[in-house]
Amino acid sequence: MVERLVSLSVGIMLSTSLLHALPEAFESQAEPHTLFAVLLGGLLAFFLLEKTAILRHSHHHEDDGHGHHHGHDKKEAGKAGWMILVGDGLHNFTDGILIAAAFLADPHLGLVTGLAIIAHEIPQEIGDFIVLLNAGFSRTRAYVYNLICSLMAVAGGVLGYFMLERGMQWIPFVLVFASSGFIYIAVSDLMPQMQRRATLRETIPQVILIAAGVLIVLALTHQAHAH
């Protein structure tokens, strides 16, 4: 089920960014060269953020020959669990701001942006829950902390709405930055996961679900514009 959601997320995220968010930003009064610079900067920023997270994750095992004291692996796993929570909370807070910017630019765009984020967050939250359990968190604690991190999106949305409402000129740049995140996540994270299953039996459902994600976004925006 999670693998299927990954494929659907790719279609939704790419179509939201390339067919709606970016065109909306470039149709504004903002300078195109500046918007492309933001797009480039966003892609590089997400690359560095992911690189930092990877470098900070130490995967050690007891008796691995590195001379770690007993209990070292459990302690490192606990640190990784808290790091996941902090990173997820900040990520959700940013998502809230992006959704607010999309709704301020166009309610239809806000709808598909929210859908794209939800489609990506479901498999990610499931993965985070498993990581927290492996890090020594109980099921209740892992669920509660995941819920708190998810609520950070609400805080980001409220703050983003009131901030961007007074600075509408910044909305195109936020949309481009959001698009850079969607594109980076889809291309560098989700699609490589799909490439691990290269058989025709796995590829056909992946292609169908990507197409379904694109069609969902197109249908939602077409229906919204029809009203």
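This structure is a prediction, so every number in the text was calculated from the model and none was measured.

Draft legend 1. Representation of the nonpolar core. Ranked by internal contacts, the top residues of the largest apolar core, which has 33 residues, are Ile-12, Met-13, Leu-109, Leu-175, Val-176 and Leu-190. Counting residues per element, the ones that place at least two in this core are helix H1 (2–26), helix H2 (32–56), helix H3 (72–105), helix H4 (107–134) and helix H6 (171–195). The next biggest cluster of nonpolar side chains, apart from the first, holds 6 residues, and it includes Leu-85, Ala-135, Ala-142 and Cys-149.

Draft legend 2. Quick peek at the layout of surface pockets. Size it by volume and the second largest pocket reaches roughly 170 Å³. Listed by contribution, the elements that provide at least two residues to the lining of the second largest pocket are H3, H4 and helix H5 (139–165). No other element matches H4, which puts 5 residues into the lining of the second largest pocket. Its residues assigned to classes, the lining of the second largest pocket shows 4 nonpolar, 3 polar and 3 charged.

Draft legend 3. Examining a nonpolar patch on the surface more closely. Among the surface-exposed residues, Tyr-143, Val-144, Leu-147, Ile-148, Leu-151, Val-154, Val-158, Tyr-161 and Phe-162 lie close enough to one another that they form a single nonpolar patch of about 860 Å² accessible area. On the secondary structure map, Val-144 appears in helix H5.

Draft legend 4. Just the UniProt feature "transmembrane region" (unreviewed entry) in the chain, in detail. The residues that UniProt annotates with the feature "transmembrane region" (unreviewed entry) are residues 31–49, 143–164, 170–187 and 207–225. Strand forms 0% of residues 31–49 and helix 95%; the C-alpha atoms that close the span are 27 Å apart. Regarding residues 170–187, the helix share stands at 94% and the strand share at 0%, and the terminal C-alpha atoms are separated by 26 Å.

Draft legend 5. Local environment of the side chain of His-20. By the element assignment, His-20 lies in helix H1. Note on His-20: relative accessible area 18%, which makes it buried.

Rules used in this analysis
Residues numbered from 1 in each chain as written. Predicted model: local features only at pLDDT ≥ 70, side-chain atom pairs only at ≥ 80, totals over all residues. Heavy atoms only, no water. Core = buried A, V, L, I, M, F, W, Y, C linked by side-chain atoms within 4.5 Å. Buried < 20%, exposed > 50% of the residue type's maximum accessible area, 1.4 Å probe, protein only. Helix = DSSP H or I, 4+ residues; strand = E, 2+ residues; numbered from the N terminus. 1 Å grid on protein atoms, 1.4 Å probe; cavity = no way out; pocket = protein on both sides within 12 Å on 5 of 7 lines; lining within 4 Å. Points joined across faces, edges and corners; volume = space filled by probe spheres on them. Nonpolar A, V, L, I, M, F, W, Y, C, P; charged D, E, K, R; others polar. Patch = residues over 30% accessible without salt bridge, like charges linked within 9 Å, V, L, I, M, F, W, Y side chains within 5 Å. Areas by Shrake-Rupley, 256 points an atom, 1.4 Å probe, with all protein chains shown as cover. Salt bridge = Lys/Arg side-chain N within 4 Å of Asp/Glu carboxyl O. UniProt positions renumbered as here; feature names shortened; annotations may be inferred.

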